[in-house]
Amino acid sequence: MCGSFQRPLWTSPAAGHVTSLTDLKTTTHRTPRIPPVKPELGSPVLQAHQLRKVYRTGEVDVVALADVSLDVAAGEFIVLLGASGSGKSTLLNILGGLDVPTSGTLQFRDHRLDGAGEAALTAYRREHVGFVFQFYNLIPSLTVRENVALVTDIAHDPMDVDEAVAMVGLAPRADHFPAQLSGGEQQRVAIARAVVKRPDLLLCDEPTGALDVHTGRLVLEVIERVNREIGTTTIVITHNAAIAGMADRVLQLGDGRLVREQRNTAKVSPAELAW
Ligand SMILES: Nc1ncnc2c1ncn2[C@@H]1O[C@H](COP(=O)(O)OP(=O)(O)OP(=O)(O)O)[C@@H](O)[C@H]1O
């Protein structure tokens, strides 16, 4: 399972809070970083042990995650299912360094993330994690290419921007603005932006939630392609159980706990998914 944990890597008091892209650039050389060595396919990339997250609002404690233990192997494609409020986003946010657990341990390769400070989590997210959310968060005044290129300024070893744009099938639209694109196309730009820095992890929270079936399939095809061709470890949250067929492994959360885990012996391509 989780093996012996090391002390958190990032405890340097010199690493300050990062508040803007300019800050990110200027902190690049000060912020402790994990070397960008790609792990062997199948080796553990994330190890979570008894993760617990309690949100306190006034006098009320909400237990969003209750002792979730989970190993994620490099290159794996995981679909995370569960009813609304079951803790899916909370888990994804903690795995992606957007939030920290109340208790439990989380390790990315050899490095502890629980207890890591703001600057350390920023470095982790910036160098190792690509996020895709339900809404695309593109900058309207920038073209497709420029939206994707923004990230490469702060990445250690980015992909060529046009290569990333081509990977999501938008090469002919590279000079278009977000308002000139459909929702599915905008989501594909968001995926290109997430993967252009060659992250170890691609974390997607309801990536097809705002899309119709046909467009949703196209977006899932791009996510599947990134996982298959680049080997990016991928976790997708969805309410749509049909998407589970794409996964190597399907995890189901209920009331903050992992209530079901299933490995797919054969994966279904997004084009074959029916919902
Ligand atoms: N910042 C917060 N403060 C207080 N409670 C929170 C906070 N964030 C989440 N929660 C609570 O934690 C629980 C898990 O929320 P979470 O968003 O992780 O669920 P989810 O499975 O992703 O739900 P959905 O499918 O609706 O997005 C819920 O009861 C939610 O109300």
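Residues numbered from 1 in each chain as written. Predicted model: local features only at pLDDT ≥ 70, side-chain atom pairs only at ≥ 80, totals over all residues. Heavy atoms only, no water.

## Brief notes about unusual backbone geometry
Unlike most non-glycine residues, Asn137 shows phi in positive territory, near 55 degrees. Along the chain, Asn137 turns up in the loop between strand E6 (129-132) and helix H4 (144-152). (Helix = DSSP H or I, 4+ residues; strand = E, 2+ residues; numbered from the N terminus.)

## Looking at the confidence of the model for the protein
For the protein, per-residue confidence averages 85 on the pLDDT scale, and residues scoring 70 or more make up 85% of the total. Contacts of residues 1-39 to residues separated by more than four positions or lying in other chains number 73 contacts, the stretch itself having pLDDT below 50. (pLDDT = per-residue confidence, 0-100. Contact = heavy atoms within 4.5 Å.)

## Observations concerning the nonpolar core
The biggest cluster of nonpolar side chains holds 40 residues, and the ones touching the most others in it are Val79, Val148, Ile191, Leu202 and Ile223. It is helix H6 (residues 183-195) that provides the largest number of residues to this core, a total of 6 residues. Every residue in contact with Ile223, bar those within four places of it in the chain, is listed here: Phe77, Ile191, Leu202, Cys204, Pro207, Thr234 and Val236. Formed by 27 residues, the second largest nonpolar core is a distinct cluster that contains Leu65, Val68, Leu201 and Ile237. (Core = buried A, V, L, I, M, F, W, Y, C linked by side-chain atoms within 4.5 Å. Buried < 20%, exposed > 50% of the residue type's maximum accessible area, 1.4 Å probe, protein only.)

## Points about the site of the ligand
Close to the ligand lie 13 residues, the nearest being Ser84, Gly85, Lys88, Ser89 and Thr90. Ser84 places a side-chain nitrogen or oxygen 2.5 Å from an oxygen atom of the ligand. Within the side chain of Thr90, an N or O atom sits 2.5 Å from an oxygen atom of the ligand. Compared with its free state, where it exposes 630 Å², the ligand has 61% of that area covered by protein. Among the elements of the structure, strand E1 (44-57), strand E2 (60-73) and helix H2 (88-95) are those that each provide at least two residues to the shell around the ligand. The leading source of residues in the shell around the ligand is H2, at 3 residues. Tallied by class, the residues present in the shell around the ligand amount to 4 nonpolar, 8 polar and 1 charged. (Near = heavy atom within 4 Å. Polar contact = N/O pair within 3.5 Å; in protein donor to acceptor, adjacent residues only side chain to side chain. Areas by Shrake-Rupley, 256 points an atom, 1.4 Å probe, with all protein chains shown as cover. Nonpolar A, V, L, I, M, F, W, Y, C, P; charged D, E, K, R; others polar.)

## Some details on the pattern of salt bridges
Considering all chains together, one arrives at 17 salt bridges under this definition. Taking the shortest distance from any N to any O, the salt bridge between Lys53 and Asp99 comes out at 3.1 Å. Within this pair, whereas Lys53 is found in strand E1, its partner Asp99 is found in the loop between H2 and strand E4 (103-108), the two being separated by 46 residues in sequence. Across the salt bridge formed by Glu76 and Arg249, the nearest N and O atoms sit 2.7 Å from each other. Note that Glu76 is positioned in the loop between E2 and strand E3 (77-82) and Arg249 in strand E9 (residues 249-254), a separation of 173 residues in sequence. (Salt bridge = Lys/Arg side-chain N within 4 Å of Asp/Glu carboxyl O.)

## Examining the side chain of Glu76
A relative accessible area of 8% means that Glu76 is categorised as buried. Excluding its chain neighbours within four sequence positions, the residues that come into contact with Glu76 are Asp71, Asn227, Thr232, Thr233, Thr234, Asp248, Arg249 and Arg263.

## Observations concerning the layout of surface pockets
Empty space among the atoms can be located by rolling a probe the size of a water molecule over them. For the largest pocket, the calculated volume is near 630 Å³. When its residues are assigned to classes, the lining of the largest pocket shows 15 nonpolar, 5 polar and 4 charged. (1 Å grid on protein atoms, 1.4 Å probe; cavity = no way out; pocket = protein on both sides within 12 Å on 5 of 7 lines; lining within 4 Å. Points joined across faces, edges and corners; volume = space filled by probe spheres on them.)

## A word on the packing of H6 against helix H7 (residues 213-230)
The geometry of H6 relative to H7 is characterised by a closest axis approach of 9 Å and an angle of 15 degrees between their N-to-C directions. In terms of their interaxial angle, H6 and H7 are classed as roughly parallel. Handedness of the H6/H7 crossing: right-handed. Taken together, the residues of H7 that come into contact with H6 (itself represented by Gly184, Gln187, Arg188, Ile191 and Val195) are Thr215, Leu218, Val219, Val222, Ile223 and Val226. Grouping the amino acids of the contact of H6 with H7 by side-chain chemistry returns 7 nonpolar, 3 polar and 1 charged. (Axes fitted to C-alpha atoms, helices over the stretch in contact; angles between N-to-C directions. Parallel < 35°, antiparallel > 145°, perpendicular 65-115°, else oblique. Left-handed = near helix turned anticlockwise from the far one by under 90°.)

## Focus: the sheet that holds strand E5 (residues 111-112)
One open sheet holds the 4 strands; their spatial order is E2-E1-E4-E5, and the pairing between them is antiparallel. Each edge of the sheet is formed by a strand with only one pairing partner; in this case those strands are E2 and E5. (Pairing = 2+ DSSP bridges.)

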